[in-house]
Amino acid sequence: MVLTGDEAAATKQELQGNFDLSGITLQMAAVDLKSTPEHIQDVMNLKNCRIEEPWVLRNYLIKIILFQEKEPYSFSKLMGNPKRFSFLNDQFIDRGKLA
């Protein structure tokens, strides 16, 4: 899935907005996702990450936000079931951990 510049900017904003809404810290997310705070930030910036990692972060943030009985912000590109995209490794996404 190749994003245009505008789509990438929107996706970054959507990830950051949901991260802010979740109220968690980078450190908390890093522990939960078996990663580092720096890598979590890279994934939010769509930088130096596997193509599946934004999906992992998206799913994690939605779960946290829904648990808090809040409504997550909509995603314009990271929407629906990622299994519909044959180029994504759905086993990696289902594992719920970042590389």
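Preceding this paragraph is the structure being described.
Described below are features of the structure shown in this document.

Cut-offs applied
- Residues numbered from 1 in each chain as written.
- Predicted model: local features only at pLDDT ≥ 70, side-chain atom pairs only at ≥ 80, totals over all residues.
- Heavy atoms only, no water.
- Buried < 20%, exposed > 50% of the residue type's maximum accessible area, 1.4 Å probe, protein only.
- Helix = DSSP H or I, 4+ residues; strand = E, 2+ residues; numbered from the N terminus.
- Arc of directions from axis to C-beta.
- Contact = heavy atoms within 4.5 Å.
- Core = buried A, V, L, I, M, F, W, Y, C linked by side-chain atoms within 4.5 Å.

## Thoughts on helix 3 (residues 37-44)
Here is step 1: Turning to helix 3, its buried residues number three or more, namely His 39, Ile 40, Val 43 and Met 44. An end-on view of helix 3 places all buried positions within 145° of arc, on one side of the element.
Here is step 2: The inward-facing, buried residues of helix 3 abut helix 1 (5-22), helix 2 (26-32) and helix 4 (53-67).

## What to know about the nonpolar core
Here is step 1: Ile 40, Leu 57 and Tyr 60 are the most contacted members of the largest nonpolar core, which totals 23 residues.
Here is step 2: Broken down by secondary-structure element, the contributors of at least two residues to this core are helix 1, helix 2, helix 3, helix 4 and helix 5 (90-95).
Here is step 3: Sort the elements by how many residues they give to this core and helix 4 lands first, with seven residues.
Here is step 4: When near neighbours in sequence (up to four residues on either side) are disregarded, Leu 57 contacts Leu 15, Leu 33, Ile 40, Val 43 and Met 44.

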